[in-house]
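A closer look at the structure
The chain contents come next:
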Amino acid sequence: NVTGMELVGVVQDTGVHIAGGSNNHIGQYYQSENVISGNGDGVLIADGATQNTVSQNRIGLSITRDETLGNTRNGVVIRAASANTITENSISASGMNGILIEQSSTNNLIRRNDIGEFFAAASRNELHGILIVDSSDNLIGGPDNENTIGRNGGDGVRIEGSSAGNAILNNRIFQNSGLGILLGAGGVVPNDP
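Residues numbered from 1 in each chain as written. Predicted model: local features only at pLDDT ≥ 70, side-chain atom pairs only at ≥ 80, totals over all residues. Heavy atoms only, no water.

Quick word on the overall build of the protein
Cut-off, in case you're wondering: Under the scheme used here, helices are H or I runs from DSSP no shorter than 4 residues and strands are E runs no shorter than 2 residues, and both carry numbers assigned from the N terminus. For the radius of gyration, the atom set is restricted to C-alpha positions; the globular benchmark scales as 2.2 Å times the number of residues to the power 0.38. Residue exposure (1.4 Å probe, protein chains only): buried if accessible area is under 20% of the type maximum, exposed if over 50%, otherwise partly exposed. Contact criterion: two residues are considered in contact whenever any of their non-hydrogen atoms come within 4.5 Å of each other. Charge assignment in this entry is limited to Lys and Arg as positive and Asp and Glu as negative, and neither His nor the chain termini are counted. In this description, the location of a charge corresponds to atom NZ of lysine, CZ of arginine, CG of aspartate or CD of glutamate.
In terms of helices and strands, the protein carries zero helices and 19 strands. At 15 Å, the protein has a C-alpha radius of gyration in line with the 16 Å of a compact globule built from 193 residues. Seen through its C-alpha atoms, the protein measures out along the principal axes to roughly 50 × 35 × 30 Å. Every one of the 193 residues in the protein was classed for burial, and the buried ones make up 49%. Looking at the protein alone, contacts between residues at least 24 apart form 77% of all its contacts between residues at least 6 apart. Charged side chains in the protein number 10 positive and 19 negative. The centres of these two groups are separated by 3 Å.

Some remarks on the pairing of strand S4 (residues 43-46)
Going by this rule: Two strands pair if DSSP finds at least two bridges between them.
Where burial is concerned, the two faces of S4 agree: the one with Val43 and Ile45 and the one with Leu44 and Ala46 are both buried. In terms of strand pairing, strand S1 (residues 16-19) meets S4 through four bridges, oriented parallel. Bridged to Ile18 within S4 is Ile45.

What to know about the layout of surface pockets
In plain terms, the rule: Grid points spaced at 1 Å and placed over the protein atoms alone form the basis of the search, with a cavity being a set where a 1.4 Å probe fits but cannot get out and a pocket an open set showing protein on both sides within 12 Å along at least five of seven lines. Lining residues have an atom within 4 Å of a point. Grid points are joined across faces, edges and corners, and a volume is the space filled by probe spheres set on the points. As a working rule, the residues Ala, Val, Leu, Ile, Met, Phe, Trp, Tyr, Cys and Pro are called nonpolar, Asp, Glu, Lys and Arg charged, and the rest polar, with Gly in that last group.
Size it by volume and the largest pocket reaches roughly 270 Å³. Lining the largest pocket are 13 residues, and of these Ile159, Gly165, Asn166, Leu183 and Asn191 sit closest to its centre. Sorting the residues of the lining of the largest pocket by element identifies strand S16 (157-160) and strand S17 (167-169) as the ones contributing at least two each. Classifying every residue of the lining of the largest pocket by side-chain character gives five nonpolar, six polar and two charged.

This is the structure we're talking about:
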């Protein structure tokens, strides 16, 4: 609702959907964050969309982060889209993953987000904090750009399928029900030399 504290209802559609667009800003500026809750997927960036920024939003939470409102699927999805930035968001209470990157999405930057159960009433993302499937050359974190990824229902960061060249750097990853970082299915595996 208008206060950003309660759900009007839950829909199965996407809260914010960028289909093929570029240079859009969702909650980009200080104190202009959105509450993106009560949807199927909170944010979907797809179909070749590029150079979009999702910043400083409450995804799955109330405006104060004191109430869990949730999204039934994923907090943020990047699907067949490249060079987008997800930064400084609070992403909790997703029925699936906090962030899903899939279908040959490349060169996306995920930085300075809180992904998981950290706030007064927050509940975990039911599956993984971040899931990357068949997508390459994405950057999760980096110097002075670390994400906090904790208390999710699956792995902190999980990479599956034909994914290569993804970098997971300088993040705080802790207390997830699965592994902190899982490179492929089947448990602990060595990183590429």
